[in-house]
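Take a look at the letters that make up each chain.
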Amino acid sequence: MTTLLEIKSSVLRQVQVRPSFRRRTEGEPRSAGADPQEPTAAGAWKPGDGVEFFAHMRLILKKGEGRQGLPCPEWSAQEALTRAPSQVLLRSGSPAPAEPVDPSRGLRALTQEEVEMLYEEALYTVLYRAGTMGPDQVDDQETLLGYLQQVFGTSSDEHAKAIERVKKAKAPTYALKVSVMRAKNLLAKDPNGFSDPYCMLGILPAAGAPREPGPHKEQRFSFRKGSKRGGPLPAKCIQVTEVKSSTLNPVWKENFFFEIEDVSTDQLHLDIWDHDDDVSLVEACRKLNEVIGLKGMSRYFKQIVKSARANGTAGPTEDHTDDFLGCLNIPVREVPVAGEDRWFKLEPRSSSSRVQGDCQLVLKLITTQRDTGMSQRGRSGFLSYMLLLSRLLQFEHRSQEPDSSSWRGELSGPAATVLCLHGAQSNLSALQLAVLHWQVSSRHHQTCTLDYGYLLGLLEDLQAHWEEASSLPQEQEESLADSFSAFSEFGLRLLRQLRDYFPATNSTAVYRLELLLKCLSKVQLFQPSFESCPFETELNMDIAAALKRGNREWYDRLLNSKSPREQPGPQRLAGLVQLADAVYEDLQSCYGVYASLFHSIVEIDFFTLTCRQLERLVAEEAWVLTEELSPKLTLEVASGLFELYLTLADIQGFWSSLPGRDSRSLALAGIHAPFLPAVKLWLQVLRDQARCRLQGAVDVDTLEPTDASSKHSSSAATASLCFSHIQELWARLAWPDPAQAQALGTQLSQDLCEATLFYTELLRKKVDAQPGAAGEAVSEPLCMVLNNVELLRKAAGQALRGLAWPEAPSALEGGLPRPLLSCTQALDEDLQQEVQTVTAHLTSKMVADIRKYVQHISLSPDSIQNDEAVAPLMKYLDEKLALLNAALVKENLSRVLEALWELLLQAILQALGANLDVSADFYGRFHFALEALVNFFHAEGQGLPLENLRDGSYKRLEEELRLHQCSTRECIEQYYLDKLKQRSLEQNRFGRLSVRCHYEAAEQRLVVEVLHAADLPPLDANGLSDPFVIVELGPPHLFPLVRSQRTQVKSRTLHPVYDELFYFSVPAEACRRRGACVLFTVMDHDWLSTNDFAGEAALGLGSIGGIARPQVGGSARARQPVTLHLRRPRAQVKSALRMLEGRTNKEAQEFVKKLKELEKSMEADP
């Protein structure tokens, strides 16, 4: 048979493994009537049951949920888009709102005649193109001409006639612009390891340079220095760079201009020489140019050079010649139409020449005379290009993405080719091209929206060329300044309507705003560059002014639509709440999305600007409306004012939560004052509606779990949610005035406590009204009530802690204001008492069964095993605790276990008291049962703690069981041991006694000296006593021949002095026995009645001198006295006495008789 010492309750082992309950944060359970916001059936809730009120309060709280947490103001624009708070949802896929366009803001419309001239200009550009086409350009002439026909919308006949007219026109005059930039890795010709290089360059005619006759090796053409520096030389003339001394990597950066007679055959020739003499280069160029017209320039080249060196006296033996470093021959027809910037590898002039290195040239083929209508009318290439670019840009935009604002100006191949040809032929610089593209595109953007990234790229390109190139002609600079002014004006108009065109909820629009601000910032960078400034003020000042004006216009539109001033006050109130909500949301957008953009790009504190402006406007409206509504305050008006105040407080709190911001500087500072009456009225309504809500929740509660995972019913979830809402509401209220906040918080906390107790009373009445099942030991409704009360205790405690108001540290206790702490503690005590009451009610149904099973143990015969006698009780407990574990949460299960444990201990104590003088096996069986129950309730650490199980009544029961198993003398010894262990609970209550004891081994006697007493209790009518002390040794069986002794009576004193010495002849071995002690009993002597007991004290003999250690020299009187605190016998002392009372032997009866005689003289124990 399995012993019950190994019985473990599997149920109890899971007590602390499973959570007590799962709190719902999303809402209330889905049972009937459990959701306060959405009643499940019509008629389920009575009118005025608080459902509608709390539903409205839930909406207020939901509105505040989106107002928690702030984005970091240091976020970049992209971070603001990707990491914005939840209240600013950015929808990346949504297109941006369409921006306003105005056809009148584009370039001037052309007349028909101007269009025809522009058409011919474009055809002329294509038909007389020169140079090599690039890989990305369209090389087919027919394709380009066909494209122009589409752009200008001409018929085939008109197109053919126009081409014919252009072909009959005179061909343009071509010229080659050459920039000699630098060379690298040249040969060293001088002894110092360097060279002194210079370049000579010119145009070779179509037939090339003739060669001198002779048998020498074939040579390439080369020439020496041409004309002097300073201005373009006539075509076919030789031009020369400066000499760069002592370098192999010279840098020249010199520009030259050559007219071209035949584009298809002319060549650019360049020589690089090492300068080796001191002859004047200017003079050499002059001499050389004197013969430049002679036929066969190469034939005279060497002679002229030598003559120049010798100042006209050339000789065949002269050897002062420059060293050849390399040459280049570049056919003009191979120059790309767009020009090129390229490194050319140097070539030798003959097969025997040794050269190395490269030379960087910038080449551009242009036209200087064009036989077109626009040229004849004095229209510059700059203007012609602008008109052509505008025409092509409009055509390309219509063709590719006519309705899109994301077009980035991507031109087709034919369009890019035509523009490249015209720009090159018109000799437009990179800066001029950048200016033209910006001007045309920015104007086009105002008539047909473009991507701001494209415009920003144009500005960046313009800025790069602006820093590198020289200034523009004044007319072109003024045209650029006008374009900047027009674009800035257009951008400012958009910023005035920021919320319409760049809503914070649209990531595409916000990104467009970022690019627009960057464009305006780039435009501002050009402001110091113009002689005549196009801006009247700083651009960021204009932006700030536009934003302020836009804020006011937005607010006025909102005010007129939601809360027009002509409406009555109560009607305006709801609209003003919506207006304040819109302002708060707008400030969130300003801070979370817009602020970082404006601060980082144009250095404008947009949030501060907007917040101060809008909060001042809404504060003005709120002050006026509260003054109008305060005299006629109704519930509906109070509710509206309460909601309005919450939003205004949120706006104020939003500002205060930012670093370095002080709400006292706002117009909203002090706005709470006129709202106080409305808030008080609203909180009173909250109190009444909360009680109604709880009443309605309990009425429909079936006291069944809301679902399989919970152990509380629907009304507890409803009450918990209501309290949570009240706490959240107080946190949102955050009343700023400390004194008023204390009054409001104190009243609200009292109301919440009353509502909690009201709910527990409703539950108790409901469960009392339900009929109980016959024979039901575990009441499920009572278990549900316990769980509900526990859940509400936690919810109410949390809610009360959340109702704290600002207090000075000195007024706080436990982190809470003292009134709130007191209220919290009182409620917790009341709820704990309620829990104990319900627990007692629940366990009372098990009392009869427990007594029955304990009686079964007491009546079991000695012949059966202990485990068999205890088995029925253990089985009963296991079954009932399994039900309790399934029905109760952890905290309540622990409480019920503690109550059952106390019931079991009391039942066993009653059984022991009813069975006196029985066999030792009887007590052994109950001792076994007690240890089995301890193991059962402890459940290997998963149940009740051992220190709780082995405390209180357990100690008394264990002591009685142990004493029942002891002999009479052992019980008597235990009686005295208990006296030695006893400590006075109040040390000065019964007075003190000073004594001195020692053992004289030589005389084999114990010496006891009673010195004096103090602070004895007054036992006579005169307020004094007549005390004397009885000195006796115990236990009696250790000292059978020793009689007690007493001191003299000291009359009328509470501080007697005795100084009396007593001798007891006893062996030392007896003094060392267990429980051996000297007992001092202080009595009040009465002449006419029984002496009164004043108090007693015991001193163990084992610790006195001479017994514990041998006495070494000196007088015994020199020893320090011992002060004993007098006391009266307690329960643990009387338990041994009760054991002896049940014994029938003579020794026990005599000992009890003696003690009872002493007790007669004692007053009742206080």
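The following refers to the structure shown. Here the structure is a predicted model, which means the values were calculated and not measured.

Conventions we followed
Residues numbered from 1 in each chain as written. Predicted model: local features only at pLDDT ≥ 70, side-chain atom pairs only at ≥ 80, totals over all residues. Heavy atoms only, no water. Helix = DSSP H or I, 4+ residues; strand = E, 2+ residues; numbered from the N terminus. Buried < 20%, exposed > 50% of the residue type's maximum accessible area, 1.4 Å probe, protein only. Contact = heavy atoms within 4.5 Å. Areas by Shrake-Rupley, 256 points an atom, 1.4 Å probe, with all protein chains shown as cover. Core = buried A, V, L, I, M, F, W, Y, C linked by side-chain atoms within 4.5 Å. Pairing = 2+ DSSP bridges. Axes fitted to C-alpha atoms, helices over the stretch in contact; angles between N-to-C directions. Parallel < 35°, antiparallel > 145°, perpendicular 65-115°, else oblique. Left-handed = near helix turned anticlockwise from the far one by under 90°. Nonpolar A, V, L, I, M, F, W, Y, C, P; charged D, E, K, R; others polar. Phe/Tyr/Trp six-rings, centres within 6.5 Å; stacked < 30°, edge-to-face > 60°.

On to the overall build of the protein, then. Counting secondary structure elements, the protein contains 35 helices and 18 strands. For the protein, the residues scored as buried account for 52% of the 1166 residues in total. Pairs at least 24 apart in sequence give 77% of the contacts found in the protein among residues at least 6 apart. Carbon together with sulfur atoms contributes 49% to the accessible area of the protein, which is approximately 53,700 Å² in total.

Attention shifts here to the nonpolar core. Within soluble globular proteins, side chains that are nonpolar generally end up buried alongside one another. Among the nonpolar cores identified, the biggest contains 262 residues, and L495, F598 and F937 are the most heavily contacted of them. Per element, the largest residue contribution to this core is 18 residues, and it comes from helix α18 (residues 569–602). Leave out the neighbours within four places in its chain, and L495 touches L513, L516, L517, L520, I543, L547 and F598. Ranked by size, the runner-up nonpolar core spans 35 residues in total, among them F990, L1006, A1068 and V1082.

Right, let's talk about the sheet that holds strand β12 (residues 1005–1014) for a bit. One open sheet holds the four strands; their spatial order is β15-β12-β11-β18, and the pairing between them is antiparallel. This sheet does not close on itself; its edge strands, each paired only once, are β15 (1057–1064) and β18 (1122–1125). Taken pair by pair, the neighbouring strands of this sheet meet at an average axis angle of 25°, ignoring direction.

On to the packing of helix α25 (residues 818–844) against helix α28 (residues 890–914), then. When two helices pack together, their arrangement is given by the angle between the helix axes and by the axis-to-axis distance. Two numbers describe how α25 lies on α28: the axes approach to 10 Å, and their chain directions differ by 55°. Taken as axis vectors, α25 and α28 run oblique relative to one another. As for how α25 packs across α28, the hand of that crossing is right-handed. Counting all contacts with α25, which are made through Q832, V835, T839, L842 and T843, the residues of α28 involved are N892, R895, V896, A899, L900 and L903. Residue classes in the contact of α25 with α28 are distributed as six nonpolar, four polar and one charged.

Here the focus is the side chain of H444. By the secondary structure assignment, H444 is in helix α12 (residues 430–445). For H444, a relative accessible area of 8% puts it in the buried group. Here H444 is in contact with L393, Q394, H397 and L450, once residues within four sequence places are set aside.

Every regular strand shows the same layout, with side chains that alternate between the two sheet faces. Here strand β1 (residues 173–184) runs beside strand β8 (residues 358–369); their pairing, made up of 11 bridges, is antiparallel. When the bridges of β8 are listed, A175 appears paired with I366.

Interhelical geometry of helix α5 (residues 141–152) versus helix α6 (residues 156–168) gives an angle of 125° and a closest axis separation of 11 Å. When the axes of α5 and α6 are compared, the pair comes out oblique. In this structure, α5 crosses over α6, and the sense of that crossing is right-handed. Across the interface between the two elements, L145, G146 and Q149 from α5 touch S156, H159 and I163 from α6.

Time to look at the sheet that holds strand β17 (residues 1092–1100). With antiparallel pairing, four strands are arranged side by side in an open sheet as β14-β13-β16-β17. In the strand order of this sheet, the two ends are held by β14 (1045–1046) and β17, each with one partner. Here strand β13 (residues 1027–1034) runs beside β14; their pairing, made up of two bridges, is antiparallel. Its bridge partner being in β14, I1030 is matched across the sheet by R1046. Helix α32 (residues 968–981) rests against β13, β16 (1077–1084) and β17 of the sheet, and its axis sits at about 95° to β17.

In total, this model carries 23 aromatic pairs according to the counting rule given. Centre to centre, the rings of F607 and W655 are 6.1 Å apart; their planes meet at 20°, and the pair counts as stacked. Here the residue F607 occupies a position in helix α19 (residues 606–629), and W655 occupies one in helix α20 (residues 635–656), the gap between them amounting to 48 residues. For F607, a relative accessible area of 2% puts it in the buried group. Site record: aromatic cluster; members linked through ring pairs are Y584, Y591, F607, F654 and W655.

Our next topic: the environment of Y645. Topologically, Y645 is positioned in helix α20. The class for Y645 is buried, based on a relative accessible area of 3%. Along the backbone, Y645 and F675 are 30 residues apart, and their C-alpha atoms lie at a distance of 6.9 Å. Apart from residues lying up to four places away in sequence, Y645 is in contact with I671, H672, F675, L733, A734, W735 and P736.

This part covers unusual backbone geometry. Omega for the bond connecting G1034 with P1035 falls within 30 degrees of zero, at -5°, which places this linkage in the cis form. Secondary-structure assignment places P1035 in the loop between β13 and β14. Unlike most non-glycine residues, A734 shows phi in positive territory, near 40°. Here A734 is to be found in the loop between α22 (714–733) and α23 (738–769). The backbone of Q1004 sits at a positive phi, close to 50°, despite the residue not being glycine. Its place among the elements puts Q1004 in the loop between β11 (992–1000) and β12.

The next thing to look at is the pairing of β13. Of all eight residues that make up β13, eight are buried, and the element is covered over most of its length. The pairing of β13 with β16 spans eight bridges and is antiparallel. Paired with V1031 across the bridge in β16 is F1080.

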